[in-house]
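As a plain string of letters, each chain reads:
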Amino acid sequence: MRLLIMGPPGVGKGTQAKGIAEHYQIPAISTGDMFRAMKGQSTELAKEVQALMDAGQYVPDEVTDRIVVDRLGKEDAQNGWLLDGYPRTIGQVHALDKYLEERGQKLDAVISLVADEETVKSRLLKRAAIEGRSDDNAETIAKRMKVYHEATDPLLDVYKERGLLIEVNGEGSVETVDERIRQALDKLS
Ligand code: ADP
């Protein structure tokens, strides 16, 4: 199974990605987590990534594409994967298309998690209090939302046109949303 999970910051992609990936025994690969793992490294690249994340901006496509391609080449990703937070730009969509095409592979589905703006904002602020992520402050959240709506929202139409998009209501408990996603995915097979 090769899946994408998309949605605005705070919609619960990371949480749901873990449950779904475990269920289908594939790795959940989060570009946000991979970039956060670079924190504290003293390379120029790590510093650049940290500064962009803290400003709520996207990391350049060539950096992001490379990190994803490397990760997808790992042993545990040979039978499928769930990408969380990638692609986020049209350029990244094209990079992923090329990667799949070269291997004769296809995406099975793109899960689009949907929740209203208030739910999403309150979840982010709650996470800020618990996890202390440096990009979860009111100012950066607003910027991330704006960047998301401008750069990433249009990708939903791309996948919709390809017949891959599954819209899932992201409101409710973690278990409720997990159940909705599984039901939708089970219909595929
Ligand atoms: P969220 O979706 O809640 O904003 P993530 O953990 O997925 O959180 O991403 C955090 C940050 O990592 C983003 O704001 C961005 O700076 C960077 N990032 C993650 N994925 C990508 C991507 N595919 N392209 C560019 N930047 C990314």
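Please refer to the structure higher up on the page.
So, here is what we can say about the structure in this document.

Rules behind the numbers
Residues numbered from 1 in each chain as written. Predicted model: local features only at pLDDT ≥ 70, side-chain atom pairs only at ≥ 80, totals over all residues. Heavy atoms only, no water. Phe/Tyr/Trp six-rings, centres within 6.5 Å; stacked < 30°, edge-to-face > 60°. Lys NZ or Arg CZ within 6 Å of the ring centre and 35° of its normal. Helix = DSSP H or I, 4+ residues; strand = E, 2+ residues; numbered from the N terminus. Expected span 1.5 Å × (residues − 1). Buried < 20%, exposed > 50% of the residue type's maximum accessible area, 1.4 Å probe, protein only. Contact = heavy atoms within 4.5 Å. 1 Å grid on protein atoms, 1.4 Å probe; cavity = no way out; pocket = protein on both sides within 12 Å on 5 of 7 lines; lining within 4 Å. Points joined across faces, edges and corners; volume = space filled by probe spheres on them. Pairing = 2+ DSSP bridges. Axes fitted to C-alpha atoms, helices over the stretch in contact; angles between N-to-C directions. Nonpolar A, V, L, I, M, F, W, Y, C, P; charged D, E, K, R; others polar.

1. Section: the packing of aromatic side chains
Taken as a whole, this structure holds zero aromatic pairs when the rule is applied. One Lys or Arg, Arg 103, reaches over the ring of Tyr 99 and ends 3.8 Å from the middle of that ring.

2. A look at helix 6 (residues 117-131)
Relative to the 21 Å expected for 15 residues at 1.5 Å per residue, helix 6 spans 21 Å between its end C-alpha atoms, a close match to the ideal helical length. Regarding helix 6, the residues found buried are Thr 119, Val 120, Leu 124 and Ala 128. On its buried side, helix 6 packs onto helix 7 (138-161). Phi turns positive one or two residues past the end of helix 6, at Gly 132, with a value near 65 degrees.

3. What about empty space enclosed by the protein?
All chains considered together, the criterion is met by one cavity of 30 Å³ or more. As for the largest cavity, its lining consists of Ile 5, Met 6, Gly 7, Lys 13, Gly 85, Tyr 86, Pro 87, Arg 88, Tyr 148 and Thr 152. Residue assignment for the lining of the largest cavity shows that the elements contributing at least two residues are strand 1 (2-6) and helix 7.

4. Overview of the sheet that holds strand 4 (residues 109-114)
Ordered in space as 2-3-1-4-5, the five strands form an open sheet in which the pairing is parallel. The sheet is open, and its two edges are formed by strand 2 (28-30) and strand 5 (165-169), each paired on a single side. With strand direction ignored, the average angle separating the axes of adjacent strands in the sheet is 25 degrees. Where strand 1 lies against strand 4, four bridges are found, and the strand directions are parallel. Of the residues in strand 4, the one forming a bridge with Leu 4 is Val 110. The strands touched by helix 7 are strand 1, strand 4 and strand 5; relative to strand 1, the strand with the most contacts, the crossing angle is about 140 degrees.

5. Details of the layout of surface pockets
The space that makes up the largest pocket amounts to roughly 1,000 Å³. In terms of lining residues, the largest pocket is bounded by 42 residues, among which Gly 10, Lys 13, Arg 127, Arg 133 and Arg 144 are the most central. Of all elements in the fold, only helix 1 (13-24), helix 2 (31-36), helix 6, helix 7 and helix 8 (174-186) reach the threshold of two or more residues within the lining of the largest pocket. Considering each element in turn, the lining of the largest pocket owes the most residues, seven residues, to helix 6. Grouping the constituent residues of the lining of the largest pocket by class yields twelve nonpolar, 17 polar and 13 charged. Counted as a void, the second largest pocket has a volume near 170 Å³. Lining the second largest pocket are 15 residues, with Pro 8, Leu 113, Val 114, Ala 115 and His 149 positioned closest to its centre. With five residues, the single largest contributor to the lining of the second largest pocket is helix 7. Taken together, the residues that form the lining of the second largest pocket break down as eight nonpolar, three polar and four charged.

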